Amino acid sequence: MRTQRIVFEKVSVKANKTVKCSGGCGRSRRLTKKFTQTINPFNKTKAGVVKTREDIYPELHAAAAKWKEQPETCLHCRIDASKGQRRSRS
Ligand SMILES: [Zn+2]
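Source: prediction; values computed, not measured.

Quick notes on the overall build of the protein
- The number of helices and strands found in the protein is 2 helices and 2 strands.
- The helix and strand sequence of the protein, counted from the amino end, reads β-β-α-α.
- Judged by the C-alpha coordinates and their principal axes, the protein covers about 60 × 35 × 25 Å.
- Per-residue burial over the protein gives 3% buried out of 90 residues.
- Taking contacts inside the protein between residues at least 6 apart in sequence as the whole, the part at least 24 apart equals 62%.

Below you can see the structure in the form of structure tokens.
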């Protein structure tokens, strides 16, 4: 049996955001995230049609917009928060 190697085309959108840390330390966080979907026979729209770039791009942009609205906590505040949790549990 021959194995067939299919390379699916990737569609990606890169997003950047700069947000103030939600931990209250006043630091700003700059983040970059890549949103990717592949064009493949299993990636279909609600109508059951294989997605094209034109279908995928708006979805990736929507996901990026959602991500941009999410609050972010810096590493320092996350460490403080986990320390606090440990302290309260004991
Ligand atoms: Zn912080």
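Focus on the confidence of the model for the protein
- For the protein, the mean per-residue pLDDT works out to 91, and 92% of the residues sit at or above 70.
- For the protein, the element scoring lowest by mean pLDDT is helix 2 (residues 75-89), at 78; helix 1 (residues 53-69) scores highest, at 97.

What counts, and at which threshold
- Numbers given to residues run from 1 along each chain, matching the order in which its sequence is written.
- At least 70 in pLDDT is required for a residue's local features to be given in this predicted model, at least 80 for side-chain atom pairs to be given and counted, and no such filter applies to totals for whole chains, interfaces and linings, which use all residues.
- In DSSP terms, a helix is any run of H or I states spanning at least four residues, a strand is any run of E spanning at least two, and both are numbered starting from the N terminus.
- Three exposure classes are used, all based on how many other C-beta atoms lie within 10 Å of a residue's own C-beta (placed from the backbone): buried at 20 or more, exposed at 12 or fewer, and partly exposed between those limits.
- For the purpose of contact definition, each residue receives a C-beta atom placed from its backbone, and two residues are in contact when these atoms lie within 7 Å.
- For every residue, the predictor reports its confidence as pLDDT, a number between 0 and 100.

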